[in-house]
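Each chain, letter by letter, is given below.
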Amino acid sequence: MKIIPTIIALLLCCLASHGSRLSPDAQVSLITCQPGKEFYEAFGHTAIRIYDPVRGFDKAYNYGIFDFDRPDFYTNFAKGNLIYMLGVYSYPRFASSYIGENRSVTEQVLNLTVEKKQSIYDYLEDNSQPSKREYTYHYFFNNCSTKPRDVIEAALGNKLHYDYSFIKKRMTIRQLVDECTEENSWGDFGIDLALSHVIDRPATDHEYLFIPEELMKAVALATISDSSGTKPLVATTNKVYVAQAEPPLPKDVFSPLTVCWGIFLIVLLITIFNVIKGKPGFWFDSMFFSVIGLLGLIMALISFFTNHESSGNYNLLWALPFHLIAAFLLPFKRVRKWLKYYFLISGIILLVLLAFWWILPQDLHYAVVPIILALLLRCANVWYYENKAVKAVLQG
């Protein structure tokens with residue numbers, strides 16, 4: 001009688017093991033979803049589908065899940081420690097959510113052996129367990145596109161060979177990001193302000209694959225080599241849904257470039273008014289440099305105290321955090337006679353920045369040019385009104 005529970009347990013284990021085996025008819029596919037309209041959808045999305053008609057199994061494994069309700073979500077987000085996770089969904093439900101947003105969905109069925117399919121399935125099932133499903137997200141090197149890529153590469157090892165001939169032009173990581181975010185001018189502007197020269201190096205062939213559509217192109221041309229020869233990685237490609245044509249989005253009237261030139265025009269008019277009236281307008285300088293200094297402080301905090309790709313941000317040459325201190329001290333007359341040298345040095349830095357704009361290691365956003373010109377005007381304003389010798393010469 002004592003042996004019966006043991007036998008039952010063994011039988012249950014065998015049944016469970018049998019239940020986790022894919023049938024020979026199972027398919028493993030890479031699913032690529034077109035970018036959406038929102039900024040966070042600008043790069044598109046990738047998932048792995050495992051479909052087994054014999055077992056009635058059809059799931060999408062999605063590495064793009066994050067939880068807003070985590071107690072430490074916003075703290076980690078600010079620090080650059082983004083915690084994402086692997087989610088498992090019904091594939092029809094997954095696909096319908098993108099189709100409902102009129103986003104193209106493409107399926108690439110992979111040309112794998114039964115053993116390789118099983119290997120990928122076992123890994124994904126194990127990785128989806130609550131204790132293992134979370135990972136530290138990285139914009140370019142560990143995201144919803146690179147994770148499926150890595151799963152496929154781990155299963156195939158050195159038998160997988162990419163053909164990167166689809167790369168027609170060598171681009172930096174920033175340029176690749178710019179291509180994806182060109183429809184969202186403010187999002188692109190924010191990225192260019194926050195992320196430093198670290199992303200201004202040419203992306204390697206493999207690094208291109210952080211973008212879902214680039215991964216789809218690479219997989220389409222990839223091959224598998226084994227003892228039987230070489231075969232394409234993709235067996236068939238299915239256009240699950242092709243996005244319907246929509247009216248073009250209206251042009252962004254208040255783009256960063258337009259707004260920044262508008263700011264420059266306001267600063268220019270105020271400066272002309274100050275010159276005509278013979279009044280320095282230090283109240284305006286105090287406000288203007290406070291805003292720029294606060295922006296610089298935020299960028300400095302991101303640069304030095306987070307894990308974002310922001311170390312050594314050249315935007316700090318024009319958005320000096322020290323402007324906050326200068327702006328606070330500017331109303332005090334006794335301090336201004338010394339403070340004028342700070343604005344002189346700031347103006348020289350701005351001129352050097354403009355002079356060497358095209359050879360900087362970092363690709364700065366062109367919309368900051370009018371802000372730099374506005375800062376130059378107000379640096380000159382402070383220097384002029386606090387330097388009596390210069391004022392006397394100019395007044396003749």
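Structural data are supplied above this passage.
Right, let's walk through the structure included here.

Rules and cut-offs
- The numbers attached to residues start from 1 for each chain and follow its sequence in the written order.
- Owing to the predicted nature of the model, reporting of local features is limited to residues with pLDDT of at least 70; listing and counting of side-chain atom pairs is limited to 80 or more, with chain, interface and lining totals taken over all residues.
- To obtain the side-chain values, all non-hydrogen atoms of the structure were included, while hydrogens and water were left out.
- Helix and strand labels come from DSSP, where a helix needs a run of H or I of at least four residues and a strand needs a run of E of at least two; each type is numbered from the N terminus.
- The classification of residues rests on relative accessible area computed with a 1.4 Å probe and restricted to protein chains. Under 20% of the type maximum is buried, over 50% is exposed, and intermediate values are partly exposed.
- Residue contacts are counted whenever heavy atoms from the two residues lie within 4.5 Å of one another.
- Paired strands, in this sense, are two strands between which DSSP finds at least two bridges.
- Lines are fitted to the C-alpha atoms to define the axes, a helix being fitted only along its stretch in contact, and any angle between axes, read from their N-to-C directions, falls within 0 to 180 degrees.
- Note that patches include only residues with greater than 30% relative accessible area and no salt bridge, and the join distances are 9 Å for like charges and 5 Å for nonpolar side chains (Val, Leu, Ile, Met, Phe, Trp, Tyr).
- Method for areas: the Shrake-Rupley scheme with a 1.4 Å probe, in which residue coverage is limited to the protein chains shown.
- We define a salt bridge as a side-chain nitrogen of Lys or Arg found within 4 Å of a carboxyl oxygen belonging to Asp or Glu.

### Here we look at the environment of Val 219
And step 1. With respect to the secondary-structure elements, Val 219 resides in helix H8 (residues 212-221).
And step 2. Judged by relative accessible area, Val 219 falls into the buried class, the value being 3%.
And step 3. Spatially, the C-alpha atom of Val 219 lies 8.7 Å from that of Leu 30, the residues being 189 residues apart in sequence.
And step 4. Look past the residues within four positions of Val 219 in its chain and what remains in contact with it is Leu 30, Gln 108, Leu 110, Leu 233 and Val 234.

### Notes on the sheet that holds strand E5 (residues 105-110)
And step 1. Strand order in the open sheet formed by seven strands is E6-E4-E3-E2-E1-E5-E10, and the pairing between neighbours is antiparallel. In this open sheet, the two strands that pair with only one neighbour each are strand E6 (134-137) and strand E10 (234-241). The average angle at which neighbouring strand axes cross in this sheet is 25°, direction not considered.
And step 2. Note that strand E3 (residues 57-65) and strand E4 (residues 82-90) share five bridges and pair antiparallel. Considered in E4, the bridge of Asn 62 is made with Gly 87.

### Here we look at the sheet that holds strand E7 (residues 160-161)
And step 1. What the three strands build is an open sheet, ordered E7-E8-E9; its pairing is antiparallel. The two strands at the open ends of the sheet, each matched to only one other strand, are E7 and strand E9 (229-232).
And step 2. Pairing of strand E8 (residues 223-226) with E9, which is carried by four bridges, proceeds in the antiparallel orientation. Residue Ser 225 lies in a different strand from E9, and its bridge partner there is Thr 230.

### Concerning unusual backbone geometry
And step 1. With a phi angle near 60°, Asn 102 is a residue other than glycine that sits in the positive phi range.
And step 2. Relative to the elements of secondary structure, Asn 102 occurs in the loop between helix H3 (91-99) and E5.

### Here we look at H8
And step 1. For H8, the complete set of buried residues consists of Pro 212, Glu 214, Leu 215, Met 216, Ala 218 and Val 219.
And step 2. As for H8, its buried residues are in contact with strand E1 (27-33), strand E2 (45-52), E5, helix H5 (146-156) and E10.

### Description of a nonpolar patch on the surface
And step 1. A cluster of nonpolar side chains, Trp 338, Tyr 341, Leu 344, Ile 348, Val 352, Phe 356, Trp 358 and Ile 359, forms an exposed patch at the surface whose accessible area comes to about 950 Å².
And step 2. With respect to the helices, strands and loops of the structure, Tyr 341 is situated in helix H12 (residues 333-355).
And step 3. Classification of Tyr 341 as partly exposed rests on a relative accessible area of 39%.

### Thoughts on the pattern of salt bridges
And step 1. Using the criterion set out here, one finds 14 salt bridges in the structure.
And step 2. Put simply, Lys 37 and Glu 246 hold a salt bridge, and the shortest N to O gap is 3.3 Å. Remark: Glu 246 occurs in the loop between E10 and helix H9 (256-277) and Lys 37 occurs in the loop between E1 and E2; sequence separation between them is 209 residues.
And step 3. Residues joined by salt bridges that share partners form a network here, namely Glu 41, Glu 101 and Arg 103.

### So, the side chain of Ser 255
And step 1. Its location among the elements puts Ser 255 in the loop between E10 and H9.
And step 2. Overall, the relative accessible area of 14% leaves Ser 255 in the buried class.
And step 3. Leaving out residues up to four positions away in the same chain, Ser 255 has contacts with Ser 185 and Trp 186.

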